[in-house]
Amino acid sequence: MSLLYRYKPRKDTVLMSVATRLDRAGVTPNQITALGLCLAFSSGLAALRGHLYTGITLFAVAAFCDVLDGSVARGANRATEFGLYFDGISDRFSELFFVAGVVLGAGVSPSAFFVIGGAFMLLFARAYGRTHGKGIVSTTFGRPERLALLIAGILCPAPLNTVLFVAAALCCVISSAQILALGRSRRAKIERAKGASNDQGTRPA
């Protein structure tokens, strides 16, 4: 499990009152995800125009939307397969918009795109795992660690910024490998269990 995701149950408890009010107001998790995507796009535009700290602030609010949509989905029992994929894709494009803005407009090292490459690799690994029946695999590193390293890299001078960007990308590589390896192991266990069950069913009484 992600080092910071272990606090997810506590996070849901803290945000439950907010999630409940939003659900009663008719706000859906997907609407919150879409709002976060729009805010991330705005953060990229702000950074592109040279307003780095405004961009970082908007991106932080967008990241909070990503925290909130999951709490609303779980609290209101509105989790869906579409929402899962929409959230994952929105997260990656949110990061892409923001990084493109800070690189092109704020003079941040292009090595920040390493983080984007790693994030999309992780997205494809999760999609592959889901479509091949491997389920959701918990990983050592998640989005919180990636964003923390990304923001730290943006604020740090060279060459430390590149080191932090590469570290964030490596977190994605490690998580992708865990998804593929643990998913394959889980699939093998399921197949063995099915085989054992079939063997017992065919044995004479």
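Before reading further, recall that the structure is shown in the block above.
All of the points below concern the structure found in this document. (Residues numbered from 1 in each chain as written. Predicted model: local features only at pLDDT ≥ 70, side-chain atom pairs only at ≥ 80, totals over all residues. Heavy atoms only, no water.)

**Focus on the nonpolar core**
Generally speaking, nonpolar side chains in soluble globular proteins are found buried as a group. Formed by 29 residues in total, the largest nonpolar core has its most connected members in Phe-98, Val-102, Leu-150, Ile-154 and Phe-165. Counting only elements with at least two residues in this core, the list comes to helix H1 (8-24), helix H2 (29-48), helix H3 (52-75), helix H4 (81-105), helix H5 (113-131), helix H6 (143-155) and helix H7 (160-202). Examining the composition of this core, we find that 8 residues originate from one element, H3, more than from any other. Among residues more than four places away in sequence, those in contact with Phe-98 are Ala-40, Ser-43, Gly-44, Gly-55, Ile-56, Phe-59, Leu-150, Ile-151 and Ile-154. (Core = buried A, V, L, I, M, F, W, Y, C linked by side-chain atoms within 4.5 Å. Buried < 20%, exposed > 50% of the residue type's maximum accessible area, 1.4 Å probe, protein only. Helix = DSSP H or I, 4+ residues; strand = E, 2+ residues; numbered from the N terminus. Contact = heavy atoms within 4.5 Å.)

**Quick word on H3**
Between its first and last C-alpha, H3 extends 35 Å over 24 residues, near the 34 Å set by a 1.5 Å rise per residue. Among the residues trailing H3, Asn-77 stands out with phi positive, at a value near 55°. (Expected span 1.5 Å × (residues − 1).)

**Some words on the packing of H4 against H6**
Two elements in contact, H4 and H6, have axes separated by 12 Å at closest approach and are oriented at 5°. Considering their axes alone, H4 and H6 lie roughly parallel with respect to each other. Residues Asp-91, Arg-92, Ser-94, Glu-95, Phe-98, Val-99 and Val-102 of H4 touch H6, and the partners they reach there are Arg-143, Arg-146, Leu-147, Leu-150, Ile-151 and Ile-154. Residue classes in the contact of H4 with H6 are distributed as 7 nonpolar, 1 polar and 5 charged. (Axes fitted to C-alpha atoms, helices over the stretch in contact; angles between N-to-C directions. Parallel < 35°, antiparallel > 145°, perpendicular 65-115°, else oblique. Nonpolar A, V, L, I, M, F, W, Y, C, P; charged D, E, K, R; others polar.)

**Points about unusual backbone geometry**
Pro-159 follows Ala-158 through a cis peptide bond whose omega is 0°. The phi torsion at Asn-77 lies on the positive side, around 55°, for a residue other than glycine. Secondary-structure assignment places Asn-77 in the loop between H3 and H4. Looking at Asn-77, the relative accessible area reads 72%, which means it is exposed.

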